[in-house]
Each structure stands twice: as C-alpha cells, then as structure tokens.
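# Secondary and tertiary structure notes
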Amino acid sequence: MNAPSVTSSIDLSAPGKQIGRLRYPRISNNGGWAYDLIPIACITNGEGPTVLVTGGNHGNEYEGQIAALRLIDEIEAADVTGRIIIIPVISVEAAWAFTRLWPSGVNFNRSFPGRPDGPPAEQIADYFTRVLFPMADVVIDMHSGGNAFFFLPCSHMHVVDNPAQRKAMLEGMLAWNSDYHFLYIDVNGTGLLPVEAEDQGKTVITTELGGGGRVPAYVHQLAWSGLTNVLRHEGVLKGALQTRESLGKAPAIILDGRDPENYVNTDEPGFWENLLEPGDAVQKGDPVGRLWFPATPERAPRVFTAPLDGILTVIRATTPTLAGDSVFVTGQPIEAEAVLNGE
Ligand SMILES: [Zn+2]
C-alpha cells in the first residue's frame, strides 16, 4: 500500500511541546496543488505511555474540542511523563459549519480504516490507522450529542472481548468521574475510529458529553476534569488522581445499552416533545415522549413508550423529526464487576 498522504509539520518523536499541522491534499476549483490543515500538538517528556487525544471527530460536538484546546494551552512538557498527542478539531470545516458531517456529507467516524488514495476523510483515517494508533497506548476520542441529541454527560465504551483490554478500558472510563457511564453498541454502520483503535488492542476511552446545541459550564468543567483525570490515571499527566470517593460523590451508575431495543426510532415524521429528562428512571411502557403532526392538527400526538425498564440516557434535542430518526435511548444499570466478567 502507498505511504500515507497526510504529513505532519512536527516530529512526533521529538521531546518538548510542539504545535503544528497535519497537511493533506486539497484538489478544488481553486487549483490542484492546495492542501488542508488540521492542527496537532505533541507534548513529550521522558519515558511513559503515549496517549492520543482527539476532538471534533464529529464537527458540532464542541465539548471535547474545547477541552483538547485547553490541554494544548495549559499543559507544558514538565507536566507530562511520556507523550500526549492532541488533535483538538479533526473535522475542521464541519466544526465551523456547526454540523455533524463534513460539508461533503462524509461522516469521518465511518471512514476507518481508510486508505491513502481514497477521498480526504479516508486519507486522514489512514493516517490515524497506520501512523497515530500504532504510536499510542491509549486513545481518547471525545464526542457528544451534537445538535440533535442531549446525552447524559458521560464517558462510555464498547465491551470488547479481550478481558485485559476490557478491564483497562473500564478503569479508564470510570476515571472520568462522571455521574453516569454507558456501554454502547454500533447500531448504525461500521468504520468507526474507536473500533479501529480497539482492533489494534488500544485502551480506548470515549465520551458523550451532553449536546443539544449549547454547552453548559458544568459540562465544560466535566470535559476538563474528566480528561485530565483520565490522563493522570493513565500515568501520562502528573498530579493527584481523583476518584468519585475522594470527591465526596456517590459511585457512578454504569448504564448498559447493549440491548438494541434501547434505541427507539420513529417511522414517521413529526415534531418531537420530550416528556422526561435524561437520568429519569422508566419502566417498560412508561410514556417518554410524543410526536406531534403540525400539518394535521386533527390527529392526536403519538406517544412513544419505554421499551424496557431502565434509565433514560439520551433525548432528542431537535424538535423537527424525520421518518427513521432516533428519538430516545435507554439503558439498564449494571455493576462494574459484571462488565469485567464479560456479562
Ligand atoms: Zn460524535
């Protein structure tokens, strides 16, 4: 296979703090020899693990992007033991456009493993797959609900088959110290960044930090405190490790979203009304939201009910809802021990 088409302006093996750009070819009506740039930083000091931190996999999920930018601003080489590679805004144009997908319609998080001679998103994915992931012990990829959803602010994970990897991912997820965590499955396609990193055996820690088109201060605080605490947990950032206990908080609730029934969609369009808030307990059959029909007010709203007992985890943040759209997600509390045991 050809060498990656993406190049870095900084030497990722050099010590100290460096801020540079990833560069990849742009062929447009403005000319055939242009390029696009993605900011990257590398903060290295001595021997230790390598952690790759990414934000903006999806453009309009800003919580992690801000936390990653803050990391570049505030962390110096003397604070680090090992190496932190930070790409704060992967999908630059989508982030500026306030959209999940790239302006071309591409979902970067369905572009893996990528290829050097594919379209731009696949070229960047290929650079992650063949250059960045092999360097990393830990990959932290920060998401949120974007405009469309509000997710209980949390770190989350796939329950991977390898017991040692699963344990490392569970402990990393818990080190975010959020009130909730979520065990997710891929209900919509393949080619995800976290899956490629998991397949390479990495400890992968991902988040869903709220969403809904507004970032409250407490979510920014959780993004920052969680990210830095996970970096301390992984041994790459100096400073005192905190636990929920040391913070005076009750144990976190892990929600199991591995039963596909938890993901509720509508088969017809309408205006969505939430009847409950994320974190509310539900029993199977409880009304969770309803769909209104603005073109036919003669018709009563259609009530959507909880498919299972559990906790409401994700609600729809965008009122106009198309046929096929997701409207809410639930999860069932599960003990960390059961996750470790592969249950
Ligand atoms: Zn996302």
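Residues numbered from 1 in each chain as written. Predicted model: local features only at pLDDT ≥ 70, side-chain atom pairs only at ≥ 80, totals over all residues.

Before going further, it helps to examine the overall build of the protein. Secondary structure assignment for the protein yields 7 helices and 18 strands. Here the C-alpha coordinates of the protein stretch approximately 65 × 55 × 35 Å along the principal axes. Counting every position in the protein, which comprises 343 residues, the buried fraction comes to 43%. Across the protein, contacts joining residues at least 24 apart in sequence account for 70% of those joining residues at least 6 apart. (Helix = DSSP H or I, 4+ residues; strand = E, 2+ residues; numbered from the N terminus. Buried ≥ 20, exposed ≤ 12 C-beta atoms within 10 Å, placed from the backbone. Contact = placed C-beta atoms within 7 Å.)

Right, let's get into the domain arrangement of the protein. When its domains are assigned, the protein resolves into domain 1 (7–256) and domain 2 (265–331). Inter-centroid distance (C-alpha atoms) of domain 1 to domain 2 is 30 Å. Residue assignment for the side of domain 1 that touches domain 2 shows that the elements contributing at least two residues are β7 (149–157) and β10 (253–256). Its residues placed into classes, the side of domain 1 that touches domain 2 shows 7 nonpolar, 5 polar and 1 charged. (Domains from an automatic or database assignment. Nonpolar A, V, L, I, M, F, W, Y, C, P; charged D, E, K, R; others polar.)

Looking now at the pairing of strand β6 (residues 138–143). For β6, the buried fraction is high: 6 of the 6 residues fall into the buried class. Side chains Val138, Ile140 and Met142 of β6 all project onto a buried face; the interleaved residues Val139, Asp141 and His143 project onto the opposite face, where all are buried too. One ladder, built from 4 bridges, connects strand β4 (residues 50–54) with β6; its direction is parallel. The residue of β6 that forms the bridge with Val53 is Ile140. Where β6 and strand β9 (residues 203–210) come together, 6 bridges link them in parallel fashion. (Pairing = 2+ DSSP bridges.)

A few words now on the sheet that holds strand β15 (residues 302–305). Strand order in this open sheet of 4 strands is β15-β14-β12-β17, and the pairing throughout is antiparallel. Two strands close off the open sheet at either side, each with one partner strand: β15 and β17 (320–321). In this sheet, β17 lies alongside strand β12 (residues 270–274) in antiparallel orientation, the contact comprising 2 bridges. Bridge assignment links Phe271 to a residue of β17, and that residue is Pro320.

Our next topic: helix α4 (residues 163–174). Given a rise of 1.5 Å per residue, 12 residues ought to cover 16 Å, and the 16 Å separating the end C-alpha atoms of α4 matches this to within 8%. Along α4, the residues that are buried comprise Arg166, Ala168, Met169, Leu170, Gly172, Met173 and Leu174. The elements touched by buried residues of α4 are β6, β7, β8 (180–183), β9, α6 (217–233) and α7 (336–340). (Expected span 1.5 Å × (residues − 1).)

It is worth spelling out unusual backbone geometry at this point. In this model, Phe112 is joined to Pro113 through a cis peptide bond whose omega is 5°. Tracing the chain through its elements places Pro113 in the loop between α2 (92–97) and α3 (120–135). A positive phi angle is found at Phe98, which is not glycine, with a value near 65°. Mapped onto the secondary structure, Phe98 falls in the loop between α2 and α3. With 12 C-beta atoms counted inside 10 Å, the residue Phe98 sits in the exposed group. One non-glycine residue, Asn177, lies in positive phi territory at about 65°. By secondary structure assignment, the location of Asn177 is in the loop between α4 and β8. Its 21 C-beta neighbours within 10 Å are what place Asn177 among the buried residues.

Before going further, it helps to examine α3. Here α3 contains 16 residues, and its C-alpha end-to-end distance of 22 Å stays within 8% of the 22 Å for a straight helix at 1.5 Å per residue. The sharpest bend along α3 reaches about 35° and sits at Phe128. Considered for burial, the residues of α3 that qualify are Pro120, Ala121, Glu122, Ile124, Ala125, Asp126, Tyr127, Phe128, Thr129, Leu132 and Phe133. Looking at the buried positions of α3, the neighbouring elements they touch are β2 (16–28), β4, β5 (82–87), β6 and α5 (193–199). (Bend = angle between axes of the 7 residues up to and from the residue.)

By size, the foremost hydrophobic cluster in this structure holds 81 residues, and its most contacted members are Val51, Ile84, Ile86 and Ile140. By residue number, the principal contributor to this core is α3, which donates 7 residues. Viewed by domain, this core spans two of them, domain 1 (7–256) and domain 2 (265–331), each represented by three or more residues. Those residues within four positions of Ile84 in sequence are excluded, and the remaining contacts are Ile43, Val51, Val53, Ile75, Leu231 and Val236. (Core = buried A, V, L, I, M, F, W, Y, C linked by C-beta atoms within 7 Å.)

This next bit is on the packing of helix α1 (residues 62–74) against α6. Relative orientation of the contacting elements α1 and α6 amounts to 55°, with a least axis distance of 9 Å. Taken as axis vectors, α1 and α6 run oblique relative to one another. Here α1 runs over α6; the crossing is right-handed. Residues Glu63, Gly64, Ile66, Ala67, Arg70 and Leu71 of α1 touch α6, and the partners they reach there are Val219, His220, Ala223, Trp224 and Leu227. Classifying every residue of the contact of α1 with α6 gives 7 nonpolar, 2 polar and 2 charged. (Axes fitted to C-alpha atoms, helices over the stretch in contact; angles between N-to-C directions. Parallel < 35°, antiparallel > 145°, perpendicular 65-115°, else oblique. Left-handed = near helix turned anticlockwise from the far one by under 90°.)

Turning our eyes to something else, we now look at the environment of Glu343. Structurally, the position occupied by Glu343 is in the segment after α7. Judged by the 10 C-beta atoms lying within 10 Å of it, Glu343 is exposed. Considering only alpha carbons, one finds Glu343 and Asn29, 314 residues apart in sequence, at a separation of 54 Å.

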